[in-house]
Amino acid sequence: MTSDLSGLTYDVAIIGAGVVGANIARELSRYNLRLVWLEKENDVSCGCSKANSGIVHGGFAERPGTVRARLCLEGNRMFAGLENQLHFGYQPIGSLVLAFADEEVNRLEQLLGQGQANGVEGLEIIKGERLRELEPRVNRQAVAALYCPQSGVVSPYEMTIALAENAVRNGVRLLLGTEVLSISRGADGFTVVCQNLTLTCRYLINAAGLYSDRVAELAGDRTVRISPRRGQYVVLSKPASPLTHSVIFQCPSPLGKGVLVAPTCHGNVLLGPNAEDITEKDDVGTDEAGLRAVIRAALRSVPAAGNLQAITSFAGNRPYSGLPDWLIGFSERVPGLINLLGIDSPGLTASPAIARLVADMLQQDGLTLEAKGSFCEQRPPIIKKKDRSFRGDVNATDPQRRLICRCEQVTAAEVIDAVRRPLPVTSTDAIKRRTRAGMGPCQGAFCRPRVVELLSRITGLRPEQITTRGKDSPPLPARLAGSQLKKLIDDETTG
Ligand SMILES: Cc1cc2nc3c(=O)[nH]c(=O)nc-3n(C[C@H](O)[C@H](O)[C@H](O)COP(=O)(O)OP(=O)(O)OC[C@H]3O[C@@H](n4cnc5c(N)ncnc54)[C@H](O)[C@@H]3O)c2cc1C
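Residues numbered from 1 in each chain as written. Predicted model: local features only at pLDDT ≥ 70, side-chain atom pairs only at ≥ 80, totals over all residues. Heavy atoms only, no water.

### Some remarks on the overall build of the chain
Just so we agree on the cut-off: Helix and strand labels come from DSSP, where a helix needs a run of H or I of at least four residues and a strand needs a run of E of at least two; each type is numbered from the N terminus. We take the radius of gyration over the C-alpha atoms and set the globule estimate at 2.2 Å times the residue count to the 0.38 power. Here the term buried applies to any residue with accessible area under 20% of the maximum for its type, exposed to any over 50%, and partly exposed to those in between, with areas from a 1.4 Å probe on protein chains only. Contacts were defined at the residue level, with two residues in contact if any of their heavy atoms lie within 4.5 Å. The method behind every accessible area is Shrake-Rupley, applied with a 1.4 Å probe, and residues are considered shielded solely by the protein chains displayed. This count recognises Lys and Arg as positive and Asp and Glu as negative, with His and chain-terminal groups excluded. The atoms used to mark charge sites are NZ of Lys, CZ of Arg, CG of Asp and CD of Glu.
Each helix and strand in the chain was counted, giving 12 helices and 21 strands. Against the globule reference of 23 Å for 495 residues, the chain gives a C-alpha radius of gyration of 22 Å, in line with a compact fold. Each principal axis of the C-alpha atoms in the chain carries an extent, and together these give about 65 × 60 × 45 Å. Of all 495 residues assigned to the chain, the portion counted as buried reaches 57%. In the chain, 74% of the contacts between residues at least 6 apart in sequence involve partners at least 24 apart. In the structure as shown, the chain presents an accessible area of about 20,800 Å², 50% of it carried by carbon and sulfur atoms. Positive and negative charge centroids in the chain, built from 58 and 52 side chains respectively, lie 4 Å apart.

Written as structure tokens, this is what we have:
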């Protein structure tokens, strides 16, 4: 399908279609450049950008003076503008870090000072009645909390999809199912070989997440090893009234920001993550030991979380470099290669600022960034907000009313819209990430056949060609399901 691209020359090739690659693709699509974007999976946002906490961090948890602290703050400030253009559901709901003892209050003071040094506005330590007023369901043993009004929540995969749709709409050539296998550097730039095409480019951006060490090595740069640090999560049902209004953290540890309890932008409750160093980059299974630790810690923050129904569990792997800061910049060994290495949390928050930084680096290196008159910054949402007057029906003939997914009230019109957009959609998971069909308590038992039928009708694919994660995708990871999670929650609530 893509062999016609062999021999084509691009100004910039971006490797990796996670949230970092998507921001870079969209940022560069503002300019008159020939851009190609390579992703080995059959959709965007299949790496750690699809499985994380979805928190837009305020910026108080990062060490002052680091690249990550600066880019986290800059990125955070860009979310409201991006949301107005791309409509992926960002909500600036604020966050609290809880302290349960005096020594933890000292830690809050440190975080407050660190946040202020980083330039985070509006931070304050709150206690007693003020804390209860803000979050009545937080454990009454919490003695104080650091309040950050600048934190928020976002659906990380919806954001990545929105950026990618807009980048492609503005001329970026996105090639899915295209794994970069070898890279060589000549006098004028790079030759990049994938399984089905060869292309050349002047600049190469390595945004391959967990695999960015391997991509750097393919180009002749052995800078750093990236190892997976897994985080497991539990997704709970939507409470009738909010369990918490903001994101509830505990004091951070050397392994990360700790277990949080947070409302998602679609009204569910998220518990997690833990942090465990593992060996397999693609191992995103969940297990009893990891989830038990998550549930125990989460119930300590918000005991009433134990009353909600558990829907599912999932895991994501942080690209951990062992270094104190991210490595972002031109390779010292390979001219023209920009590496983005070890972009773990708060990489989602920082991603818009990372993209600006990359554009600046290219310009300083001599790439002409000439604004494109035709650049369109808007992208309409896929999921339509339904008000009380909405009457969906599984038997309706009008696609605007015909329900494909009962749990999440997804209409046929939304599925059709998702498929007819600039990115190819070929799996039921791709529909799920765009529309939420299959995200509810029945986990697709009702909607999956309907999604397959509709997808088959629109794309011309035979139903048996439509799989959960696409052609040649690895087997689904082992994950604890709702009934197993309920038992763990009951154990931890009673014991
Ligand atoms: C458990 C967890 C919790 C987190 N929580 C938060 C949070 O709350 N807030 C926050 O700001 N950040 C958070 N993060 C960090 C954030 O998720 C990451 O920083 C961000 O998603 C990194 O995006 P990326 O695009 O660099 O990587 P990825 O999303 O992994 O994308 C890399 C892409 O490169 C592709 N690729 C790899 N090799 C090749 C190749 N050879 N050829 C073609 N394509 C290739 C992969 O398939 C993948 O799609 C969390 C991360 C984890 C794991």
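### Focus: the site of the ligand
Stated formally: Here a residue is near a molecule or strand as soon as one of its heavy atoms is found within 4 Å of it. Distance and chemistry together define a polar contact, namely a pair of N or O atoms within 3.5 Å, with one atom able to donate a hydrogen and the other to accept it when in protein, and with adjacent residues in sequence counting only for side-chain atoms on both sides. Following the grouping adopted for this structure description, the nonpolar residues are Ala, Val, Leu, Ile, Met, Phe, Trp, Tyr, Cys and Pro, the charged ones are Asp, Glu, Lys and Arg, and the polar ones are all others, Gly among them. An automatic or database domain assignment supplies the residue ranges for each domain.
Around the ligand lies a shell of 40 residues, among which Glu39, Ser49, Ile55, Ile343 and Thr349 are the nearest. Measuring from a nitrogen atom of the ligand, one finds a side-chain N or O atom of His57 at 3.4 Å. One nitrogen or oxygen atom from the main chain of Leu348 is found 3.1 Å from an oxygen atom belonging to the ligand. Relative to its unbound accessible surface of 1,000 Å², the ligand loses 97% to contact with the protein. Those elements that provide at least two residues to the shell around the ligand are α1 (19–28), β12 (227–236), β17 (310–320) and α8 (347–364). The residue inventory of the shell around the ligand, partitioned by class, reads 17 nonpolar, 17 polar and 6 charged. When residues of the shell around the ligand are assigned to domains, at least three fall in each of domain 1 (3–49 + 157–226 + 323–364) and domain 2 (89–152 + 227–320).

### A closer look at the packing of aromatic side chains
This is how it is decided: Two aromatic rings, drawn from Phe, Tyr or Trp (for Trp, its six-membered ring), form a pair once their centres lie within 6.5 Å of each other, and the interplanar angle then sorts them: stacked below 30 degrees, edge-to-face above 60, tilted otherwise.
Evaluated as defined, the whole model comprises 4 aromatic pairs. When the centroid spacing of 6.4 Å and the interplanar angle of 90 degrees are considered together, the rings of Phe79 and Phe88 count as edge-to-face. Note on accessibility: Phe79 and Phe88 belong to one class, buried. Relative to Phe314, the ring of Tyr233 lies with its centre 4.6 Å away and its plane at 10 degrees, an arrangement referred to as stacked. Of this pair, Tyr233 sits in strand β12 while Phe314 sits in strand β17, and the two are 81 residues apart along the sequence. On the accessibility criterion, Tyr233 (4% relative accessible area) is buried.

### Some points on the packing of helix α9 (residues 412–419) against helix α10 (residues 428–435)
We apply this condition: Note on method: axes are straight lines fitted to C-alpha atoms, helices fitted across the in-contact stretch only, with angles between N-to-C directions ranging 0 to 180 degrees. For classification purposes, angles smaller than 35 degrees are called roughly parallel, those larger than 145 roughly antiparallel, those between 65 and 115 roughly perpendicular, and all remaining angles oblique. Definitions for this section: a left-handed crossing has its near helix turned counterclockwise from the far helix by less than a right angle. A right-handed crossing has that turn clockwise.
Taken N-terminus to C-terminus, the directions of α9 and α10 make an angle of 110 degrees; their axes are 10 Å apart at the nearest point. One way to sum up the angle between α9 and α10 is to call them roughly perpendicular. Between α9 and α10 lies a crossing whose hand is right-handed. When α9 is examined against α10, the residues Glu414, Val415, Ala418 and Val419 are found in contact with a partner set consisting of Ile431, Arg434 and Thr435.

### Re the nonpolar core
Going by this rule: In this description, a nonpolar core means a group of buried Ala, Val, Leu, Ile, Met, Phe, Trp, Tyr and Cys residues linked to one another through side-chain atoms lying within 4.5 Å.
Membership of the largest hydrophobic core comes to 53 residues, with the highest contact counts inside it found for Trp37, Leu340 and Ile354. Of all elements in the fold, only β1 (9–15), α1, β2 (35–38), α2 (67–86), α5 (156–169), β11 (198–206), β19 (337–341) and α8 reach the threshold of two or more residues within this core. Counting residues per element, this core draws most heavily on α8, at 10 residues. For Ile354, the contacting residues outside a window of four places in its chain are Val20, Leu71, Trp326, Ile328, Leu340, Ile343 and Gly347. Counting 31 residues, the second-largest nonpolar core is a separate cluster that includes Leu131, Ala145, Ile295 and Ala298.

### Some words on the side chain of Glu27
Within the element layout of this structure, Glu27 appears in helix α1. Among all residues touching Glu27, those that are not within four sequence positions of it are Ala355, Arg356 and Ala359.

### Overview of the environment of Leu98
Position of Leu98 relative to the elements: it lies in strand β4 (residues 95–99). The exposure class of Leu98 is buried, given its relative accessible area of 0%. C-alpha separation for the pair Leu98 and Asn317, spaced 219 residues apart in sequence, amounts to 25 Å. Setting aside residues up to four positions removed in sequence, Leu98 forms contacts with Glu104, Val138, Ala142, Ala144, Ala145, Ile248, Phe249, Gln250, Cys251 and Ser301.

### Some remarks on the domain arrangement of the chain
As a reminder, the rule being used: Buried area: the accessible surface (1.4 Å probe) lost by two parts on joining, summed over both. In what follows, salt bridge is the name for a side-chain nitrogen of Lys or Arg lying within 4 Å of a carboxyl oxygen of Asp or Glu.
Its domain assignment divides the chain into domain 1 (3–49 + 157–226 + 323–364), domain 2 (89–152 + 227–320) and domain 3 (383–420 + 427–470). Taken together, the 6 residues of domain 2 in the interface contact 7 residues of domain 3. When domain 2 packs against domain 3, the two sides together hide about 510 Å² of surface, and 52% of this comes from carbon and sulfur. Of all residues in domain 2, Lys238, His266 and Ile311 bury the most surface against domain 3, accounting for 67% of the area lost on that side. Taken together, the connections running from domain 2 to domain 3 amount to 1 salt bridge. Applying the counting criterion to the domain 2 and domain 3 interface returns 2 residue pairs in polar contact (both at pLDDT 80 or more). Grouping the amino acids of the side of domain 2 that touches domain 3 by side-chain chemistry returns 1 nonpolar, 4 polar and 1 charged.

### Points about α9
Each full turn of the α-helix corresponds to 3.6 residues, which orients residues three or four apart in the same direction. Burial analysis of α9 places 6 of its 8 residues in the buried class, which makes it a mostly covered element. Buried within α9 are the following residues: Ala412, Ala413, Glu414, Val415, Ala418 and Val419.

### Section: the pairing of β17
Here is the rule: Any two strands are treated as partners once DSSP identifies two or more bridges connecting them.
In terms of burial, β17 is largely enclosed, as 10 of its 11 residues are buried. In terms of strand pairing, β12 meets β17 through 10 bridges, oriented antiparallel. Residue pairing in the sheet places Pro228 in a bridge with Pro319 of β17.

### So, the pattern of salt bridges
Within this structure, the stated rule accounts for 37 salt bridges. The residue Arg230 makes a salt bridge to Asp283 at a minimum N-O spacing of 3.2 Å. With Arg230 in strand β12 and Asp283 in the loop between β16 (276–277) and α7 (288–301), the pair connects residues that are 53 residues apart, well separated along the chain. Judged by its relative accessible area of 31%, Asp283 is partly exposed. Here Arg436 makes a salt bridge to Glu408, at a shortest N to O gap of 2.9 Å.

### Regarding the packing of α2 against α8
Put simply, α2 and α8 touch, their axes get as near as 6 Å, and they point 95 degrees apart. The angle between α2 and α8 falls in the class roughly perpendicular. Contacts from Leu71, Cys72, Glu74, Gly75, Asn76, Met78, Phe79 and Leu82 in α2 reach Leu348, Thr349, Ala350, Pro352, Ala353, Ile354, Arg356 and Leu357 in α8. Residues belonging to the contact of α2 with α8 are distributed by class as follows: 11 nonpolar, 3 polar and 2 charged.

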